[in-house]
Amino acid sequence: MIRAGPYPSFADFVSDHTTTSTNGYPSALKLVEALADNFPAFDDRRELQEGKEVLFLKKAQIAVAELYQRLRTQAGQFDFRDVKNLTVACDNVLPCVLRSLGILKLDPELKSRIDERKTLPAGVEEAQLRAAAIVATETILEKANGAYWAKELG
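A few words now on the pattern of salt bridges. In this structure the tally under the stated criterion is 16 salt bridges. Glutamate 116 serves as the salt-bridge partner of lysine 118, at 3.1 Å between the closest nitrogen and oxygen. Here the salt bridges share partners, and the residues they tie into one network are Asp37, Asp43, Arg45 and Glu53.

Running from N to C, helix α4 (residues 93–100) and helix α6 (residues 124–143) point in directions that differ by 60 degrees, and their axes come no closer than 9 Å. Relative to α6, α4 is oriented oblique. The interaxial crossing formed by α4 with α6 has left-handed handedness. Seen from α4, the contacting residues are Leu94, Pro95 and Leu98; seen from α6, they are Leu129, Arg130, Ala133, Ala136, Thr137 and Ile140. Class assignment for the residues of the contact of α4 with α6 results in seven nonpolar, one polar and one charged.

In this section: the side chain of aspartate 44. For aspartate 44, the location among the structural elements is in the loop between α2 (28–38) and β3 (45–47). Given the relative accessible area of 14%, aspartate 44 is considered buried. The contact partners of aspartate 44, leaving out residues within four places of it in the chain, are Val54, Leu55, Phe56, Leu57, Lys58 and Arg130.

What follows deals with the environment of glutamate 53. Note on placement: glutamate 53 falls in strand β4 (residues 53–55). The sequence separation of glutamate 53 and phenylalanine 42 amounts to eleven residues, and the corresponding C-alpha distance is 16 Å. Beyond its immediate sequence surroundings of up to four residues, glutamate 53 is in contact with Arg45, Arg46 and Glu47.

So, on to the side chain of serine 27. With respect to the element layout, serine 27 can be found in the loop between β2 (25–26) and α2. Here the side chain of serine 27 touches lysine 30 through a polar contact of 3.1 Å, landing on its backbone nitrogen.

Before going further, it helps to spend a moment on the nonpolar core. Judged by nonpolar contacts, the single largest core of 21 residues is most densely connected at Phe13, Leu35, Val64, Phe80, Val83 and Leu86. Of all the secondary-structure elements, those providing two or more residues to this core are α1 (10–19), α2 and α3 (58–71). When neighbours within four sequence positions are excluded, phenylalanine 80 is seen to be in contact with Thr18, Pro26, Ser27, Ala28, Leu31, Val64 and Tyr68. By size, the runner-up hydrophobic cluster in this structure holds 17 residues, among which are Val54, Leu94, Ala133 and Ala136.

A complete count under the given rule lists eight aromatic pairs for this structure. The interplanar angle of 85 degrees and the centroid separation of 5.3 Å between the aromatic rings of tyrosine 7 and phenylalanine 13 together place this pair among those described as edge-to-face. When sorted by exposure, tyrosine 7 lands in the same class as phenylalanine 13, which is buried. Taking the centre distance of 6.2 Å and the plane angle of 70 degrees together, the rings of phenylalanine 78 and phenylalanine 80 count as edge-to-face. Note on phenylalanine 78: relative accessible area 7%, which makes it buried. Residue classification places phenylalanine 80 among the buried positions, given a relative accessible area of 1%. In this structure an aromatic cluster arises from ring pairing among Tyr7, Phe10, Phe13, Phe39 and Phe42. In this arrangement the basic side chain of arginine 81 is found over the ring face of tyrosine 25, its NZ or CZ atom lying 3.8 Å from the centre. Directly above the ring of phenylalanine 56 sits arginine 130, whose terminal nitrogen or CZ lies 3.9 Å from the centroid.

Each value, and the rule that gives it
Residues numbered from 1 in each chain as written. Predicted model: local features only at pLDDT ≥ 70, side-chain atom pairs only at ≥ 80, totals over all residues. Heavy atoms only, no water. Salt bridge = Lys/Arg side-chain N within 4 Å of Asp/Glu carboxyl O. Axes fitted to C-alpha atoms, helices over the stretch in contact; angles between N-to-C directions. Helix = DSSP H or I, 4+ residues; strand = E, 2+ residues; numbered from the N terminus. Parallel < 35°, antiparallel > 145°, perpendicular 65-115°, else oblique. Left-handed = near helix turned anticlockwise from the far one by under 90°. Contact = heavy atoms within 4.5 Å. Nonpolar A, V, L, I, M, F, W, Y, C, P; charged D, E, K, R; others polar. Buried < 20%, exposed > 50% of the residue type's maximum accessible area, 1.4 Å probe, protein only. Polar contact = N/O pair within 3.5 Å; in protein donor to acceptor, adjacent residues only side chain to side chain. Core = buried A, V, L, I, M, F, W, Y, C linked by side-chain atoms within 4.5 Å. Phe/Tyr/Trp six-rings, centres within 6.5 Å; stacked < 30°, edge-to-face > 60°. Lys NZ or Arg CZ within 6 Å of the ring centre and 35° of its normal.

Function-wise, these values are silent; they only describe arrangement.
Here it is as structure tokens:
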């Protein structure tokens, strides 16, 4: 059984973190943050140069977006009005797709390493690549003028 703090179950944890409302509605962003802060499997943070941190929170965002898509009409506690503020869930695949479409342009040395199928370990370069993919995706979403949200585009 998964436990976080004083909660007897994961369902109790989620329930408690979705009943806290923002403007009368539960907050997707607050639930993502709570998942990342309390469960190591949801905590997807990387360090950039000079100790700066970037939060990807891929699994937490996917979990919250799925709750929203599947249960918002059945359980009002998942009717997140801020769900469109989530970013695209980004791992290694999205940067590859955006690069193949010509959207992401890579440094020649990094491009060469990737083309040679050399492992790109978790770290600054990997974080920069993922962050660039998220920025590119946010630009695409902005230009789409609300036609899509990050989960649909991802």
